[in-house]
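Residue-level structural notes
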Amino acid sequence: MKEQTPGFRVSFLKSAVLSNPVLVQMVGLCPAVAATTNVRSAVLISAALCLDLIVTCVLASALMKRIPRAVRVALYLGIGLALICPLLYFIETYTLMNLGLSTKVYLPLLAVNAVTALHCEKVAVKNPVRTAFSDAAAVGLGASLVFLIIGTLREVLGSGAFAGIDLDLPISLKGLSLPFGCFILLGFLAAALQAFSPYLRQAQTREPDAAQPQPAQADVQDDLWSDILEAEAVSNERLAALDEFTERLIGGEEDAQ
Amino acid sequence: MPDSATKRTEGAQKPYVTALQLFGDYLLMLLVPTALAVYYYGTRVLAVAGVSVGVAVLTEAICSAVLGRSYYLRDLTSIYTGLCIALMLPAGVPFYVPALAAAFAVAAVKMPLGGSGAPIMPAAAGFAFVAVCFRTEVFTYALRAEQKLLGAQSLGALLGGGNAMRLNAANLLDVLGGNVAGPMGTGCGLLMLACGVYLLMRRPRALLATAGFLGACMLWAAILPRSNGGVLTNIVLELCSGSLLFASIFLVTDHATLPAARVHRVIYGVLCGVLCMAMRRSGVFEEPVCFAIVLGNALRPVLESILPGGERTQRKEARA
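Scoring rules and cut-offs
Residues numbered from 1 in each chain as written. Chains lettered and ligands numbered in written order. Predicted model: local features only at pLDDT ≥ 70, side-chain atom pairs only at ≥ 80, totals over all residues. Helix = DSSP H or I, 4+ residues; strand = E, 2+ residues; numbered from the N terminus. Contact = placed C-beta atoms within 7 Å. Buried ≥ 20, exposed ≤ 12 C-beta atoms within 10 Å, placed from the backbone. Expected span 1.5 Å × (residues − 1). Arc of directions from axis to C-beta. Axes fitted to C-alpha atoms, helices over the stretch in contact; angles between N-to-C directions. Left-handed = near helix turned anticlockwise from the far one by under 90°. Nonpolar A, V, L, I, M, F, W, Y, C, P; charged D, E, K, R; others polar. pLDDT = per-residue confidence, 0-100. Parallel < 35°, antiparallel > 145°, perpendicular 65-115°, else oblique.

A word on the overall build of chain A. Looking only at helices and strands, one finds nine helices and two strands in chain A. Reading chain A from its N end, one meets helices and strands in the order α-α-α-α-α-α-α-β-β-α-α. Pairs at least 24 residues apart make up 79% of the contacts formed inside chain A by residues separated by at least 6 positions.

Right, dumping it as structure tokens:
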């Protein structure tokens, strides 16, 4: 019997949005904070991350299933470096693009980012190439989307420009170009995603092909989902405890009055 | 009863203090430096304060509506935050600076971190944000500079430049009375002393942090002076420059950021004081007290857990 694989739309919704690597899993924060000070850097970092993620995941799925785990992780880094260092050389030599210092530093460091190692280990080596590719593409797009939003906001609000074009804004908040500004923006984006995630989950359950995902892929998604649900449960417990504490205080004060 | 009202045990006679009582006291104290600022800088002070308070109140109302929480103006915390921010800014500051500071304090610090019980002091964070974003506007004191002791040069800039200054009876009165260029509501040392006395009568335990803070600052100023004056001159200049005294009364004593134990409060104050003086000595900002307080707020849980009587020590004792 031919196995049914989840559609790309479902995979994208889960891996890129509901389990967004940057906003939900909080991995890949280093390039997001340090190297997305403008749109051009964000595009470059996004492209490099997608390339690294897709190629490494596909190779891991196709060739590395029988290799011991300790060796596999080193191989992911080797593949990443083999991809990104020539890319950086090509960009600097042939396009004459003036990369910022932070981009020059963090672009090669993408090879050792946690997103690639995490998804290679959790998804790629347990699934066929097609699933590994779709997961890597979805995760890469999800992270890239966040990088682009953050890069745009930081450049427009922090420098009063977009892609190097001066917008002549009357006020620019220089603090947003600094790392703390990026963390604040990431916090707001994560909160917005959390607020909209119930609607997205509803939309996901209405998908016709979401019913029968491939077993291994389902396990992986369940792992991610269980992490999220567990975090939500802990958060709800804390909120309930806080409410109880507040009620007790209010009750205590009313008694005192 | 506001749901965000905060109560703290304050001695045996008063088991709880509501947010209204707490911030009512603080607002009462803040009215005095505001009046003095109007005397020194004219009615523009009221416009700056109005913008800051108005934006803080409006931002909190909007955030409460978005988050589905009830909003009570009588909570007074947003008014307190707005007024604190305004008084730490120069009188001639463009109106968008206090507006952005107040909006940031409420929308990015106070509301996401738990409302009036936020573990980071919103006013300090708001000021720190605009200090980073609009450094020139925040540290330029040009309005009515001709009437001041040193013209447009503030005491902070004077100390930062390592200049020599000797205080005689006449200019000591100017310095202590706030007749030097600086933030519009924080320069008058005598007034801050009066506020401290009022706070001592109302909330004596909160002043433990103030004592630690000022003690550390004074000791630092005596040991590592920034000007060529005597020890007393250095201490007076350091305390009266920028917003240090104001912060010691209004920011360090914030109910939500203070540790519970008395010793911890003193040590927390010392930590904030040391951070502030270290940043004054080697930092890039003329007045880094708000950065020091935000950093102190962030380090408070660590401090509480590692000090004797803290969580970690209690766990060890329980295990033993």
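So, next bit.
Counting its secondary structure elements, chain B contains 15 helices and zero strands. The proportion of buried residues among the 320 residues of chain B is 52%. In chain B, 75% of the contacts between residues at least 6 apart in sequence involve partners at least 24 apart.

Next up on the list: the environment of leucine 299 of chain B. All names here are of chain B. Within the secondary structure, leucine 299 is located in helix α14 (residues 289–306). Residue class for leucine 299 comes out partly exposed when judged on the 14 C-beta atoms lying within 10 Å of it. Here the alpha-carbon distance between leucine 299 and proline 119, two residues 180 residues apart in the chain, equals 10 Å.

The next point concerns unusual backbone geometry. Residues and elements named next belong to chain A. Phi is positive for methionine 26, close to 55 degrees, though the residue is something other than glycine. Locating methionine 26 in the fold gives a position in the loop between α1 (8–18) and α2 (29–34). Phi is positive for aspartate 168, close to 55 degrees, though the residue is something other than glycine. Residue position: aspartate 168 is located in the loop between β2 (165–166) and α8 (179–205). Residue class for aspartate 168 comes out exposed when judged on the 7 C-beta atoms lying within 10 Å of it.

The next point concerns helix α9 (residues 189–202) of chain B. Residue and element names in this part refer to chain B. Between the first and last C-alpha of α9 there are 20 Å, a value that for 14 residues agrees with the 20 Å anticipated at 1.5 Å per step. The set of residues buried in α9 consists of Gly189, Leu191, Met192 and Cys195. Each buried residue of α9 sits inside an arc of 155 degrees when the element is viewed along its axis, so together they form one side. Opposite its buried face, α9 presents the exposed residues Val197, Leu200 and Met201, each directed more than 90 degrees away.

The next thing to look at is the environment of glycine 273 of chain B. Residues and elements named next belong to chain B. By the secondary structure assignment, glycine 273 is in helix α13 (residues 262–282). By the C-beta count within 10 Å, which is 29 here, glycine 273 ends up buried. For the pair glycine 273 and cysteine 217, spaced 56 residues apart in sequence, the C-alpha to C-alpha distance is 5.3 Å. Here glycine 273 is in contact with Gly212, Phe213, Leu214, Ala216 and Cys217, once residues within four sequence places are set aside.

Here we come to the packing of helix α10 (residues 207–223) of chain B against α13 of chain B. Residue and element names in this part refer to chain B. One way to put it is that α10 packs onto α13 with a least axis distance of 7 Å and a crossing angle of 35 degrees. Between α10 and α13 lies a crossing whose hand is right-handed. Here Leu208, Ala209, Thr210, Ala211, Gly212, Phe213, Leu214, Gly215, Ala216, Cys217 and Trp220 of α10 lie close against α13, whose contacting residues are Arg262, Arg265, Val266, Ile267, Tyr268, Gly269, Val270, Cys272, Gly273, Val274, Cys276 and Met277. Within the contact of α10 with α13, the residues separate by chemical class into 16 nonpolar, five polar and two charged.

Residue and element names in this part refer to chain A. Per-residue confidence for chain A gives a mean pLDDT of 81, with 80% of residues at or over 70. No element of chain A has a lower mean pLDDT than helix α9 (residues 215–256), which averages 62, and none a higher one than helix α7 (residues 129–159), which averages 92. Note that residues 210–215 has pLDDT below 50 and, in this model, 13 contacts with residues that lie over four places away or in other chains.

Quick look at helix α4 (residues 96–110) of chain B now. Look at α4 of chain B: 20 Å from first C-alpha to last across 15 residues, which is about the 21 Å you get at 1.5 Å a residue. Judged by how many residues are buried, α4 of chain B sits mostly within the fold: 14 of 15 residues are covered.

Attention now moves to the confidence of the model for chain B. Residues and elements named next belong to chain B. Taken residue by residue, chain B gives an average pLDDT of 86. The fraction at 70 or more is 90%. Within the model, the stretch residues 1–15 combines pLDDT values under 50 with 31 contacts to residues more than four positions away or in other chains. Predicted complex metrics record ipTM = 0.79 and pTM = 0.80.

Moving on, we get to the packing of helix α3 (residues 77–88) of chain B against α4 of chain B. Residue and element names in this part refer to chain B. Where α3 meets α4, the closest approach of the two axes is 9 Å, and the angle between their N-to-C directions is 135 degrees. In terms of orientation, α3 lies oblique with respect to α4. α3 and α4 meet at a crossing whose hand is right-handed. Here α3 contributes Ser78, Thr81, Gly82, Ile85 and Ala86 to the contact with α4, which in turn contributes Pro98, Ala101, Ala102, Ala105, Val106 and Lys110. For the contact of α3 with α4, the per-class residue count stands at seven nonpolar, three polar and one charged.

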